[in-house]
Amino acid sequence: MSIGIAHMSCRELVERVTSYFENALTVEDRLRFEHHLSGCEHCTTYLEQMRRTIELTGTLRVEDVSPQAEATLLQVFRDWSGH
Amino acid sequence: MERVDEADLVDRLRAGDETAFAELLREYHPSLLRLARLFVSTSAVAEDVVQETWLGVLKGIDRFEGRSSLKTWIFRILANTAKTRAQREARSIPFSALEDAEGNFEPAVERARFTGAGHWAAPPHEWPEERLLGAETRSVIARAIEELPPAQRAVVSLRDVEGWSADEVRNALDLSETNQRVLLQRGRAKVRRALEQYLTEDT
């Protein structure tokens, strides 16, 4: 390879997606990762699917406290603050 | 929640301000329940554990020194409460299984989809956007997370559902940096596979 970076295979790349997202690759591995990605449409698709997966997982968050739990806990608070 | 707001919140709690407590409930109660559910066997016990946690927060708030964030402190109380309860329940807990990052290698993508040289033999196809954004996709993801081994489920739930940082998860679950990352990678890869299966099956 002309720029002297050891080759990263598709099989290796898919194992390193989270490390890539987390900025946990060494500088050299990051270069190998990005070099591979720039020439591989399948791995580009794979990476994009991992991104979408993470993004959609984030939409599962439950935001609400049930009114019943809130009432119970506010009573707990009143008992405590009245101590 | 910002540190600055936190200091103010802590002061108001100490002063017995009920609205401060209500704010905390809205911010953390759902996440606490979700985390508790990872330790104990039923939702009812999880609710109990969270209630006990809030009581612990109130009893301990005068001793809270702000060395960690309020959030980290609250979730530590939850983790301790839940572990104690789990022991009482004599349930052997996922968290002894947190070591499973060290265990067998689980490839992100089935080996058969690569050639001997490691190139894609059966590459991923682009996902149909319309179907991806359909209502059923979320339940496919939820089910995939439910089916993960406990430690992977815990990490994926906290990182990707609750949006915690890697450090927050490592602290709450007592994981090394590498283990946290390996569990996350494996869990996410399985969720992606479940989505792929769902999106490419015939309608």
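Residues numbered from 1 in each chain as written. Chains lettered and ligands numbered in written order. Predicted model: local features only at pLDDT ≥ 70, side-chain atom pairs only at ≥ 80, totals over all residues. Heavy atoms only, no water.

Caption draft 1: Representation of the overall build of chain A. If you tally the helices and strands in chain A, you get five helices and zero strands. Across chain A, helices and strands are ordered from the amino to the carboxyl terminus as α-α-α-α-α. Computed over C-alpha atoms, the radius of gyration of chain A comes to 23 Å, more than 25% over the 12 Å expected from 2.2 N^0.38 for 83 residues, which places it beyond the range of a compact globule. Along the longest, intermediate and shortest principal axes, the C-alpha atoms of chain A span 75 × 25 × 15 Å. Within the span of chain A, comprising 83 residues, buried residues form 45% of the whole. Contacts in chain A between residues far apart in sequence, at least 24 positions, make up 54% of those at least 6 positions apart. A total of about 4500 Å² of accessible surface is found on chain A, and carbon and sulfur atoms cover 50% of it. Within chain A, one finds 8 positive and 13 negative side-chain charges whose respective centroids are separated by 3 Å. (Helix = DSSP H or I, 4+ residues; strand = E, 2+ residues; numbered from the N terminus. Rg over C-alpha atoms; globule rule 2.2 N^0.38 Å. Buried < 20%, exposed > 50% of the residue type's maximum accessible area, 1.4 Å probe, protein only. Contact = heavy atoms within 4.5 Å. Areas by Shrake-Rupley, 256 points an atom, 1.4 Å probe, with all protein chains shown as cover. Lys, Arg positive; Asp, Glu negative; His and termini not counted. Charge placed at Lys NZ, Arg CZ, Asp CG, Glu CD.)

Caption draft 2: The packing of helix 3 (residues 27-38) of chain A against helix 4 (residues 41-57) of chain A, seen in detail. All names here are of chain A. At a minimum axis distance of 7 Å, the contact between helix 3 and helix 4 shows a crossing angle of 110°. Between helix 3 and helix 4, the crossing angle belongs to the class labelled roughly perpendicular. Seen from helix 3, the contacting residues are Phe33, His36 and Leu37; seen from helix 4, they are Cys43, Thr44 and Leu47. (Axes fitted to C-alpha atoms, helices over the stretch in contact; angles between N-to-C directions. Parallel < 35°, antiparallel > 145°, perpendicular 65-115°, else oblique.)

Caption draft 3: Representation of unusual backbone geometry in the model. Residue and element names in this part refer to chain A. The backbone of Asn23 sits at a positive phi, close to 55°, despite the residue not being glycine. Residue placement: Asn23 occurs in the loop between helix 2 (17-21) and helix 3. By relative accessible area, which is 60% here, Asn23 ends up exposed.

Caption draft 4: Molecular detail of the confidence of the model for chain B. Residues and elements named next belong to chain B. Looking at chain B, the pLDDT average stands at 88 and 90% of residues meet or exceed 70. Helix 9 (residues 177-200) holds the highest mean pLDDT among the elements of chain B, 96, whereas helix 1 (residues 3-14) holds the lowest, 85. Across the interface, the model reports ipTM at 0.82; the global pTM reads 0.80. (pLDDT = per-residue confidence, 0-100.)

Caption draft 5: Fine view of helix 4 of chain A. Between its terminal C-alpha atoms helix 4 of chain A stretches 24 Å, which fits the 24 Å expected from 17 residues at 1.5 Å a residue. Inspection of helix 4 of chain A places Cys43(A), Thr45(A), Tyr46(A), Leu47(A), Gln49(A), Met50(A), Arg52(A), Thr53(A), Ile54(A), Leu56(A) and Thr57(A) among the buried residues, and these make up the whole buried set. (Expected span 1.5 Å × (residues − 1).)

Caption draft 6: Layout of the nonpolar core. Grouped together as the largest cluster of nonpolar side chains are 63 residues, with contacts concentrated most on Phe21(B), Leu35(B), Trp54(B), Leu70(B) and Ile74(B). Per-element tally for this core: the top contributor is helix 2 (residues 18-39) of chain B, with 11 residues. Excluding anything up to four places from it in sequence, Phe21(B) contacts Leu73(A), Leu74(A), Phe77(A), Leu13(B), Trp54(B) and Leu58(B). (Core = buried A, V, L, I, M, F, W, Y, C linked by side-chain atoms within 4.5 Å.)

Caption draft 7: Up close: the interface of chain B and chain A. Residue-level contacts link 61 residues of chain B with 43 residues of chain A. Summed over both partners, the interface of chain B with chain A comes to about 4400 Å²; 64% of that surface belongs to carbon and sulfur atoms. Seen at the junction of chain B and chain A, the total is four salt bridges. The partner of Glu70(A) in a salt bridge is Arg26(B), with the nearest N and O atoms 4.0 Å apart. Counting across the chain B and chain A interface gives 14 residue pairs in polar contact (both at pLDDT 80 or more). Mapped onto the side of chain B that touches chain A, the elements with two or more residues apiece are helix 2, helix 3 (43-60), helix 5 (129-132), helix 6 (135-146), helix 7 (150-161) and helix 9 of chain B. The residue makeup of the side of chain B that touches chain A, split by class, is 31 nonpolar, 12 polar and 18 charged. (Buried area = accessible area lost by both parts, 1.4 Å probe. Salt bridge = Lys/Arg side-chain N within 4 Å of Asp/Glu carboxyl O. Polar contact = N/O pair within 3.5 Å; in protein donor to acceptor, adjacent residues only side chain to side chain. Nonpolar A, V, L, I, M, F, W, Y, C, P; charged D, E, K, R; others polar.)

Caption draft 8: Here's a closer look at the packing of aromatic side chains. Residue and element names in this part refer to chain B. What the rule picks out here adds up to 10 aromatic pairs over all chains. Between the aromatic rings of Phe21 and Trp54, the centroid separation amounts to 5.5 Å while the plane-to-plane angle is 80°, which identifies the pairing as edge-to-face. Within this pair, whereas Phe21 is found in helix 2, its partner Trp54 is found in helix 3, the two being separated by 33 residues in sequence. Both residues of the pair, Phe21 and Trp54, belong to the buried class. Ring geometry for Tyr28 and Phe75: centres 6.0 Å apart, planes at 85°, overall edge-to-face. Of the two residues, Tyr28 is situated in helix 2 and Phe75 in helix 4 (residues 70-88); the sequence distance between them amounts to 47 residues. Look at Phe75 and you get buried, because its relative accessible area is 2%. Seen from the ring of Tyr198, Arg131 lies directly overhead, with NZ or CZ sitting 4.6 Å from the centre. (Phe/Tyr/Trp six-rings, centres within 6.5 Å; stacked < 30°, edge-to-face > 60°. Lys NZ or Arg CZ within 6 Å of the ring centre and 35° of its normal.)

Caption draft 9: Structural detail: the packing of helix 6 of chain B against helix 9 of chain B. All names here are of chain B. The interhelical angle for the contact between helix 6 and helix 9, taken along N-to-C directions, is 140°, at an axis separation of 9 Å. By the angle between their directions, the pair helix 6 and helix 9 is classed as oblique. For the element pair helix 6 and helix 9, the recorded crossing hand is right-handed. For the pair formed by helix 6 and helix 9, the contact residues are Glu136, Thr137, Val140, Ile141, Ala144 and Ile145 on the first element and Val191, Ala194, Leu195 and Tyr198 on the second. Split by residue class, the contact of helix 6 with helix 9 holds eight nonpolar, one polar and one charged. (Left-handed = near helix turned anticlockwise from the far one by under 90°.)

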